[in-house]
Amino acid sequence: MKVSLHRIRALAATAIFLAAPAWLAGQNPGSPVVKDFVSGGKIWMTLESGGYEIKPSPDNRIHVTWNEAHSKGVKVTVAPNGKWADLKVEGTPNHFNATIEVPATTDLRVRLTAGQLTVGEINGDKDIEGNAGDVIVKVGKSSDWSQVDASVTAGALNAPAFQADRGGLFRSFQWKGPGKHKLHVHLTAGNITLQ
């Protein structure tokens, strides 16, 4: 059976077209990034400037989504390794915002260059530091925590759950309780709210 050159080209073009979505999906060129993880693990996050919300995931996966309208050049990598995972967000432009979902029971270590960070009620230890911006941590009941320390070099520190409200320079407080989790928050300049 003789097949025309035109027919071969048409079949080749169709094959490339059908394969393209799978190839693009494998490249993860933009939002979202989803990786399997475990409940009770620890995630180390390095976040360049932007606005971030970290909240509980409905499953045992790490989900990262961001506003693609302002995302040219953004690089998001999530590298799970057993009960540990590294998550990095790099190359962020102005007005960058992202939502990071993690398993509801997860220990977090977060380093933020600058911006706004909101951490939802995630069951686990939290170690959060930033250069400048606003950090809001939803702490739930004070009785869930064994040790809390928070400090800001210049700015305000508001923690009604722990009866602390301070502003100015070199503000800090420490608190001990009956719970099992530890919370550490430090900002060089900005506002810390533990609510």
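Structural data are supplied above this passage.
Residues numbered from 1 in each chain as written. Predicted model: local features only at pLDDT ≥ 70, side-chain atom pairs only at ≥ 80, totals over all residues. Heavy atoms only, no water.

For the protein chain, the helix and strand inventory stands at 1 helix and 12 strands. For the protein chain, the α and β elements follow one another from N to C terminus as α-β-β-β-β-β-β-β-β-β-β-β-β. Within the protein chain, the fraction of its 195 residues that count as buried is 34%. Pairs at least 24 apart in sequence give 66% of the contacts found in the protein chain among residues at least 6 apart. Total accessible area on the protein chain is roughly 10800 Å²; 53% of this is exposed by carbon and sulfur atoms. (Helix = DSSP H or I, 4+ residues; strand = E, 2+ residues; numbered from the N terminus. Buried < 20%, exposed > 50% of the residue type's maximum accessible area, 1.4 Å probe, protein only. Contact = heavy atoms within 4.5 Å. Areas by Shrake-Rupley, 256 points an atom, 1.4 Å probe, with all protein chains shown as cover.)

Let's shift gears to the pattern of salt bridges. A pair can form between side chains of opposite charge whenever their charged atoms are brought close. Considering all chains together, one arrives at 3 salt bridges under this definition. The salt bridge involving Arg111 is made with Asp127; its shortest N-O contact spans 3.1 Å. Of this pair, Arg111 sits in strand β8 (residues 106-119) while Asp127 sits in strand β9 (residues 126-137); the two residues are 16 residues apart in sequence, bridging distant segments of the chain. Connected through shared salt-bridge partners, Arg111, Asp127 and Glu129 make up one network. (Salt bridge = Lys/Arg side-chain N within 4 Å of Asp/Glu carboxyl O.)

The next thing to look at is the pairing of strand β11 (residues 164-176). Where strand β10 (residues 145-159) lies against β11, 12 bridges are found, and the strand directions are antiparallel. Bridge assignment links Ala159 to a residue of β11, and that residue is Ala164. Following β10, the chain reverses through 4 residues before pairing antiparallel with β11; Gln163 in that reversal takes a positive phi of roughly 55°. (Pairing = 2+ DSSP bridges.)

Following the criterion strictly, the structure yields 4 aromatic pairs and no others. Look at Trp44 and Trp84: their rings are 6.0 Å apart centre to centre, the planes differ by 50°, and that puts the pair in the tilted class. Taken together, the residues span a long stretch of sequence, with Trp44 in strand β2 (residues 41-47) and Trp84 in strand β6 (residues 84-90) at a distance of 40 residues. Judged by centre distance (6.1 Å) and plane angle (35°), the ring pair of Phe162 and Phe173 falls under tilted. With Phe162 in the loop between β10 and β11 and Phe173 in strand β11, the pair connects residues that are 11 residues apart, well separated along the chain. Taking relative accessible area as the criterion, Phe162 reaches 4% and is therefore assigned buried. An aromatic cluster is built from Phe162, Phe173 and Trp175, whose rings are joined through pairwise contacts. (Phe/Tyr/Trp six-rings, centres within 6.5 Å; stacked < 30°, edge-to-face > 60°.)

This brings us to the side chain of Thr106. Following the sequence through the fold, Thr106 ends up in strand β8. Of note is the side chain of Thr106, whose polar atom sits 2.7 Å from the backbone oxygen of Pro103. In this structure Thr106 touches Gly41, Ile43, Ile122, Asn123, Gly124 and Asp125, once residues within four positions along its chain are discounted. (Polar contact = N/O pair within 3.5 Å; in protein donor to acceptor, adjacent residues only side chain to side chain.)

With that settled, the discussion passes to the side chain of His181. Tracing the backbone through its elements, the reader meets His181 in strand β12 (residues 181-194). At 2.9 Å, the side chain of His181 and the side chain of Asn123 are in polar contact. If we ignore the near neighbours within four places in the chain, the residues touching His181 are Asn123, Gly124, Asp125, Asp144, Trp145, Ser146 and Gln147.

Direction of pairing for strand β5 (residues 75-81) relative to β6: antiparallel, over a ladder of 7 bridges. Pairing of Val78 across the sheet is with Leu87, part of β6.

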